[in-house]
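# Chain and residue survey
So the chains spell out like this:
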Amino acid sequence: MKGCGVCGSSVEPVIFFGRMPLANGFLRQEDFSTEYFYDLTFGFCSNCRMAQLIENVPLEKMFHAEYPFFSSTSSGMTQHFRRLAHEVAHRWLQAPNAFVVEVGSNDGALLRNIAPLGIRHLGVEPSGNVAKAASSNGVETTCRFFDPVAARDIVATYGQADVVLATNCFCHIQDLHSLAEALEIVLKPVGVLIFEDPYLGDLIGNVAYDQIYDEHSYYFSILSVDHWLTQHGFETVDVRPQTVHGGSMRYVVGRVGTCERSRSVDTQKERELNFGLQRFETYLDFRSKIHFSREKLLRLLQRLKNEGRRVVGYAATSKSTTVLNYCEISTELIEFISDTTPIKQWKYSPGMHIPVRPPTEFESPYPDYALLFAWNHAEEITNKELHFNEAGGRWIRYVPRVEIVGEGGDK
Ligand code: DWN
Ligand code: ZN
């Protein structure tokens, strides 16, 4: 059994999703025969309460010069980053010469709101193409993984940071202790770390099992985050639930004793204990719900096929790779997936090899049904696809339950 990435105890497997391709491994036909697969198993450590993957994929297979996810592609996320940037700038970056580091800065979606304020900043991003996009957007960026060596280099060049930011990033970092050491080096003694990631309570509560894939090595809760950070002299001083990505948590962290501690931390811990995030039975129940969700989705798609309906996937998300491969949904059930990202278009989805097409193909003509893989952007997408509804098209969702939207469930 694998040792826990936080405390070294054994991690209990909860669910094995099967051999899985890379969530963002969109590929061409000539690369089908060499496609990479690994065992996707979600596990839980009862000792420190960290939910995590049992097998990790080598980092360079996932984060490289052709990383296909650009953080700025959703207007909802762009607004979220703008609000976060302004809050941080006004509250924590007012000192003359203040310096902020963002770990996993992608295409600069967050820092591009800070750069124009003249605040010293640095994005650290290992994927070359998105790092380049950030630089062209005026965001100072270094293309590398964030570890103690990178942290020392940053301090040598810029000095220590007043604030370290990370959004949807820490859950991707396999060695959490090396990450914490790097944070110890880079943060000023009274510096603040603010990070947000998809929240385990929402993932389980909404049966959002598609958030489980190679890039997400960890699934955080305040219980497990505290266990990890206190080993390195940090403490969480505030937690704030966020609606983005289907339910995320923002953690505000400082060195022990340096920041005022809000009551939100203890309140959230209590909520987690009441919910049962510390109990293995909660995870077994989650597993049963995942099985049920798969059966329902397959039954629905099969029925629509038998009725001769056209179904198209909407948004070739990383999450869709888990659903498509775990449920074994092929072009028998879904014609193609429409996606706005040029680097994904005219390629095939990982594993099931469903064609990915630009949105122009979605409209010509509209399908009968669209399976919404970007359910986390539902409001933004349904608002912009009003013509699809007017043409009689219907949305299919599978989070938090399998349903044709407006019909309230599978018949
Ligand atoms: O953690 C991660 C999160 C933050 O972002 C990464 N590991 C990768 C990525 O996950 P994802 O791919 O599931 O993210 P999204 O934001 O749910 O999906 C984005 C995809 O959806 C892009 O390929 C663009 C596409 N999309 C679209 O085709 N039409 C998105 C919108 C909003 C649209 O209108
Ligand atoms: Zn553990």
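Now for a look at the structure at hand.

### Describing the overall build of the protein
Scanning the protein from terminus to terminus reveals 13 helices and 17 strands. Taken over C-alpha atoms, the radius of gyration comes to 21 Å for the protein, in line with the 22 Å a tight globule of 411 residues would show. Reported as C-alpha extents along the three principal axes, the dimensions of the protein are approximately 65 × 45 × 40 Å. By the burial criterion, 57% of the 411 residues in the protein qualify as buried. Counting contacts in the protein only where the partners sit at least 6 residues apart, residues at least 24 apart contribute 68% of the total. A total of about 16,500 Å² of accessible surface is found on the protein, and carbon and sulfur atoms cover 49% of it. Across the protein, the centroid of the 40 positively charged side chains sits 3 Å from that of the 50 negatively charged ones.

### Focus on the environment of Gly254
Positionally, Gly254 belongs in strand β11 (residues 248-255). Overall, Gly254 belongs to the buried group, its relative accessible area being 0%. Along the backbone, Gly254 and Phe336 are 82 residues apart, and their C-alpha atoms lie at a distance of 47 Å.

### Some points on the coordination of the zinc ion (ligand 2)
Taken together, the protein donors to the zinc ion (ligand 2) comprise Cys4 (SG), Cys7 (SG), Cys45 (SG) and Cys48 (SG), at separations of 2.3 Å. One can describe the site at the zinc ion (ligand 2) as tetrahedral: its four donor atoms subtend angles covering 99 to 117° at the metal. Between consecutive donors of the zinc ion (ligand 2), the numbers of intervening residues give the motif C-x2-C-x37-C-x2-C. With Cys4 in the segment before β1 (12-21) and Cys48 in the loop between β2 (37-44) and β3 (51-53), this pair connects stretches of sequence that are 44 residues apart.

### Digging into the packing of helix α7 (residues 222-230) against helix α8 (residues 264-275)
Interaxial distance between α7 and α8 falls to 9 Å at its minimum, and their mutual angle equals 120°. Classified by the angle between their axes, α7 and α8 sit oblique to one another. Contacts between α7 and α8 involve Ile222, Leu223 and Asp226 from the first element and Val265, Gln268, Lys269, Glu272 and Leu273 from the second. Across the contact of α7 with α8, the residue classes tally to four nonpolar, one polar and three charged.

Calculation criteria
- Within each chain, residue numbers correspond to sequence positions counted from 1 in written order.
- Lettering for chains starts from A, numbering for ligands starts from 1, and both go in the order in which the items are written.
- Where totals are concerned, whole chains, interfaces and linings use all residues; where local detail is concerned, this predicted model gives features only for residues with pLDDT of at least 70, and gives and counts side-chain atom pairs only at 80 or more.
- To obtain the side-chain values, all non-hydrogen atoms of the structure were included, while hydrogens and water were left out.
- Strands here mean DSSP runs of E at least two residues long; helices mean DSSP runs of H or I at least four residues long; both are numbered from the N terminus.
- Only C-alpha atoms enter the radius of gyration, while the globule expectation follows 2.2 Å times N to the 0.38, with N the number of residues.
- For each residue, the accessible area found with a 1.4 Å probe, counting protein chains only, is set against the maximum for its type, and the residue is called buried under 20%, exposed over 50%, and partly exposed in between.
- Only heavy atoms enter the contact rule, under which two residues are in contact if any of them lie within 4.5 Å.
- Exposure was quantified through the Shrake-Rupley algorithm and a 1.4 Å probe, taking into account, for residues, occlusion by the shown protein chains and nothing else.
- Positive charges come from Lys and Arg alone, negative charges from Asp and Glu alone, with His and the N- and C-terminal ends not counted.
- A charge is said to be at NZ when it belongs to Lys, at CZ for Arg, at CG for Asp and at CD for Glu.
- The donor set comprises N, O and S atoms within 2.8 Å of the metal, extended to 3.2 Å for Na, K and Ca; water molecules are omitted, so apparent gaps in a site may simply reflect that omission.
- Only two sets of limits are used to name each site, 85 to 135 degrees for every angle of a tetrahedral four-donor site, and over 155 degrees for opposite donors with all other angles from 65 to 115 for a square planar four-donor or octahedral six-donor site, with any other site named irregular.
- To obtain each axis, a line is fitted to C-alpha atoms, and for helices this fit is confined to the stretch in contact; angles are then taken between N-to-C directions over 0 to 180 degrees.
- Here the angle decides the label: under 35 degrees means roughly parallel, over 145 means roughly antiparallel, 65 to 115 means roughly perpendicular, and every other value means oblique.
- For this classification, Asp, Glu, Lys and Arg are treated as charged, while Ala, Val, Leu, Ile, Met, Phe, Trp, Tyr, Cys and Pro are nonpolar and the rest, including Gly, are polar.

Geometric values such as these leave the question of function open.
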